[in-house]
Amino acid sequence: MTHFAVNPRDKKAGEKDITALGRAAQYVRMSTEHQEYSIANQSAAIALYAAAHDLGIVQSFVDAGKTGTTIRHRRGLQELIRTVESGAADFDHILVYDVSRWGRFPDSDESAYYEYLCKRAGISVRYCAEQFENDNSPTSNLLKALKRTMAGEFSRELGVKVSVGQRRLASMGFWQGGGAPFGMMRQLVDQNRNPKRILKIGQWKSISRDRVLLTPGPPEAVATIRLAFDYYTKERKSRHQIIEILNIEKRFRGRTPWTLQRLNDLLMDPIYKGAYPYGKTEHTSHSSRRLNRDKWLVREHAFPAIISEKQWNQARDRIRQEINPLVDSDMLDGLRRLWKRKGHLNSHLINAARDIPSTVAYQRHFGGVNEAYKLIGYPLPKDYSFVNAINLSRRIRSTICDEICKGVVSLGGTAEKLPARNMLLLNREVTVHVSVCKGWVRPKLTPLWRLLLGKVAPADILIIGRLLPPSSSVLDYFVFPAVSQLRGVWSARTKDNDLILDLYRSDDLRDFIESFARFSFRGLA
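Below: a short report on this structure. (Residues numbered from 1 in each chain as written. Predicted model: local features only at pLDDT ≥ 70, side-chain atom pairs only at ≥ 80, totals over all residues. Heavy atoms only, no water.)

**Quick look at the sheet that holds strand β18 (residues 473–481)**
Strand pairing in a sheet relies on backbone hydrogen bonds. The paired strands run either parallel or antiparallel. Just so we agree on the cut-off: Pairs of strands are assigned from DSSP output, requiring at least two bridges between the strands. Helical segments are the DSSP runs of H or I of at least four residues, strand segments are the runs of E of at least two, and each set is numbered from the N terminus.
With mixed pairing, the six strands of this open sheet are ordered in space as β13-β14-β15-β17-β18-β20. Every interior strand has two partners, whereas the edge strands, β13 (415–417) and β20 (505–506), have only one. Strand direction decides the pairing type here: strand β15 (residues 430–438) and strand β17 (residues 461–468), joined by seven bridges, are parallel. Note that in β17 the partner of V432 across the bridge is I461.

Below, the structure written as structure tokens:
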């Protein structure tokens, strides 16, 4: 993030005093598309727009080489939104080259939401290269919606074209990005497959016509791979024995000791017989999933082999014999045997046991280890697991939000849930953030609650419901308006609290809800 400051005494004759100009921030983003979208070109166009509209650029937020399909990893946009929501922004306008630079989100509502956050804070977003003024008129809103949809569709179509091109190159045996697997190195070649050099970690090809192949190396890793396959197929050692030997001899996979899963991946990877399996996972903007082997694209004899195909097939066949298809009833019986043998159960014991599957297998088959526990009658702690606590808190927050909305609407007001989690907009002007806080049970002492108010107010009003352990029912509420200026972490007890905290405590939300039928909180701020 870059700051620009101008001393009024340094301005030349005829120049406008920046203190007399409107204050603006610019947001610029470049992925890897076209030169017209370079950071310098965007900044130049924005500077011309600012000069024509009497605006001075006082702050810049930059995302260089970042995709516009998600806000993840876009530090510039994240910092911009944080600055706007914190109330610390010293500008009234945000200048963006065009709608696509703001983002190419697959869901156009996400792009609109981030603009709405700025608008709610009283900061306008201006698209400098667009042929319409972002003035909230019906025409402007229609064109923005169309542009956002077009931007997302462009990204989707580009992704399809790139995927088709990568699959074509993979079918020719060229490595398609990512680090090389253990025991292999990336070999840069020209368009005629003539070797050029070995690419080190962090190095990439600089000429578009060059390609990348895999070649065995370094020698120590290649020797480890061959040794593991020989132990397994020729000496018929068990996988646990192989892991123990390799770790004792410190023949690690990189710097990581061997585990059963890592050894299984090594013995089953077609790369080591020279084949290139491509498209093993399917990625979307928010998730990825592993595809079945019949949907992979496999190019045989793509790279020099470390292991012969015959030996690789022997290892694969033995693993398939040892790893039988898991049956739910057998998995539960194994869990019962472990419980009887150890007297209790936990993830560590399950993963350490050699006669039952890992916790990952129970997760896939039953939806979680706790679900498997229930099926064998193993007692679970009441609502004290991490996942159960999170789910319970979410349900309680959702219930509080529903009660507030229902109460305000019944009194003639308006209430809506905003896209941000646990955020409400009441009477079209007051934002409310709902949170809950679970008490800590302390031996021989009263429960203690830590109220997290943060460094900045998340909304006009923050509501924190205190949950009474162990039942997790709502004990009372603290209602903090942003104008209170209370920040940081506050400790609360059932009695003898700080007098300031007691000013904002309430047994229920009845008075808070009824206040929206009489007047606007914003008018008091």
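**Here's the deal with a nonpolar patch on the surface**
What counts here: Patch construction takes residues with relative accessible area above 30% that form no salt bridge. Like charges are linked within 9 Å, and nonpolar side chains (Val, Leu, Ile, Met, Phe, Trp, Tyr) are linked within 5 Å. Surface exposure here means Shrake-Rupley accessible area, sampled with a 1.4 Å probe, where a residue is shielded only by the protein chains that are shown. Any Lys or Arg side-chain nitrogen found within 4 Å of a carboxyl oxygen on Asp or Glu counts as a salt bridge.
A cluster of nonpolar residues, L143, L146 and M150, forms a patch on the protein surface that exposes about 270 Å² of accessible area. Mapping L143 onto the fold places it in helix α5 (residues 138–171).

**Remarks on the sheet that holds strand β6 (residues 184–189)**
To keep things clear, this is the line we draw: Each axis is a line fitted through C-alpha atoms, and for a helix only the stretch in contact is used; angles between axes span 0 to 180 degrees, taken between their N-to-C directions.
Taken together, the three strands give an open sheet; going across it, the order is β7-β6-β8, and neighbouring strands pair in antiparallel fashion. Since the sheet does not close on itself, it has two edges, and those belong to β7 (195–199) and β8 (211–216), each with one partner. Adjacent strand axes in the sheet meet at a mean angle of 40 degrees when their direction is disregarded. Summarising the sheet, β6 and β7 pair through four bridges and their orientation is antiparallel. Following the sheet pairing, L188 is matched in β7 by R197.

**Remarks on the packing of aromatic side chains**
To keep it simple, the criterion reads: Here a pair means two rings of Phe, Tyr or Trp (six-membered ring of Trp) with centres within 6.5 Å. Their orientation is stacked below 30 degrees between planes, edge-to-face above 60, and tilted elsewhere.
Applying the stated criterion across every chain yields a total of 15 aromatic pairs. The interplanar angle of 80 degrees and the centroid separation of 5.8 Å between the aromatic rings of F182 and W258 together place this pair among those described as edge-to-face. Separated by 76 residues along the polypeptide, F182 in the loop between α5 and β6 and W258 in the loop between α7 (239–248) and α8 (260–268) bring together distant segments of the chain. Here the aromatic rings of W339 and Y378 are separated by 5.0 Å at their centres, their planes lie at 85 degrees, and the arrangement is edge-to-face.

**A few points about the side chain of T70**
This is how the line gets drawn: Burial classes follow relative accessibility: with a 1.4 Å probe on protein chains only, a residue under 20% of its type's maximum area counts as buried, one over 50% as exposed, and anything between as partly exposed. Whenever two N or O atoms come within 3.5 Å, that pair is a polar contact, provided that in protein one can donate a hydrogen and the other can accept it, and provided that, for residues adjacent in sequence, both atoms are side-chain atoms.
Assignment of secondary structure puts T70 in the loop between β3 (55–64) and α2 (75–86). A residue is classified by how much of its surface remains accessible, and T70, at 13% relative accessible area, is buried. Here the side chain of T70 touches R72 through a polar contact of 3.1 Å, landing on its backbone nitrogen.

**A few points about the environment of D63**
Put simply, the rule is: Whether two residues touch is decided by their heavy atoms; if any such pair falls within 4.5 Å, the residues are in contact.
Among the structural elements, D63 can be located in strand β3. Note on D63: relative accessible area 2%, which makes it buried. Put simply, D63 and M30 are 33 residues apart on the chain and 6.5 Å apart in space, counted from C-alpha to C-alpha. Filtering out sequence-adjacent residues up to four positions away, D63 remains in contact with Y27, V28, R29, M30, I39, R74, R75, G76 and L77.

**Remarks on the pairing of β3**
In terms of burial, β3 is largely enclosed, as eight of its ten residues are buried. In this sheet, β3 lies alongside strand β2 (residues 22–30) in parallel orientation, the contact comprising nine bridges. When the bridges of β3 are listed, G22 appears paired with L55.

**Points about helix α4 (residues 108–120)**
Spelled out, the test is: Expected span of a helix, by definition, is 1.5 Å for each gap between consecutive residues, and there is one gap fewer than residues.
For α4, built from 13 residues, the straight-helix expectation of 18 Å at 1.5 Å per residue is met to within 8% by its first-to-last C-alpha distance of 18 Å. Each element contacted by the buried residues of α4 is listed here: α2, β4 (93–96), α3 (99–102), β5 (124–127) and α5.

**Observations concerning the pattern of salt bridges**
A complete count under the given rule lists 26 salt bridges for this structure. As a salt-bridge pair, D210 and K196 come within 2.9 Å of each other at their nearest N and O atoms. Placement of D210 in the loop between β7 and β8 and of K196 in strand β7 is noted, with a sequence separation of 14 residues between them. Since its relative accessible area comes to 42%, K196 is described here as partly exposed. K273 serves as the salt-bridge partner of E309, at 4.0 Å between the closest nitrogen and oxygen. Of this pair, E309 sits in helix α9 (residues 309–322) while K273 sits in the loop between α8 and β9 (276–278); the two residues are 36 residues apart in sequence, bridging distant segments of the chain.

**Section: the pairing of strand β16 (residues 449–454)**
Residues W449, L451 and L453 of β16 are buried on one face, while the alternating residues R450, L452 and G454, pointing to the opposite face, are not. With five bridges joining them, β16 and strand β19 (residues 488–492) adopt antiparallel strand pairing. In the sheet register, W449 faces β19, and the bridge partner there is A492.

**Looking at the environment of A459**
Its location among the elements puts A459 in the loop between β16 and β17. Leave out the neighbours within four places in its chain, and A459 touches M423, T431, V432, H433 and A482.

**Regarding the side chain of T233**
Relative to the elements of secondary structure, T233 occurs in helix α6 (residues 219–233). Its relative accessible area of 11% is what places T233 among the buried residues. A polar contact of 2.7 Å, which involves the side chain of T233, links it to the backbone oxygen of F229. Beyond its immediate chain neighbours, meaning those up to four positions away, T233 contacts Q311, Q314 and A315.

**Topic: unusual backbone geometry**
Here the amide bond leading from G217 into P218 is cis, since omega sits at -10 degrees, within 30 degrees of zero. One can find P218 in the loop between β8 and α6. Despite not being glycine, N136 shows a phi value in the positive range, around 70 degrees. Within the secondary structure, N136 is located in the loop between β5 and α5.

As far as function goes, none of this settles anything; it's purely spatial.
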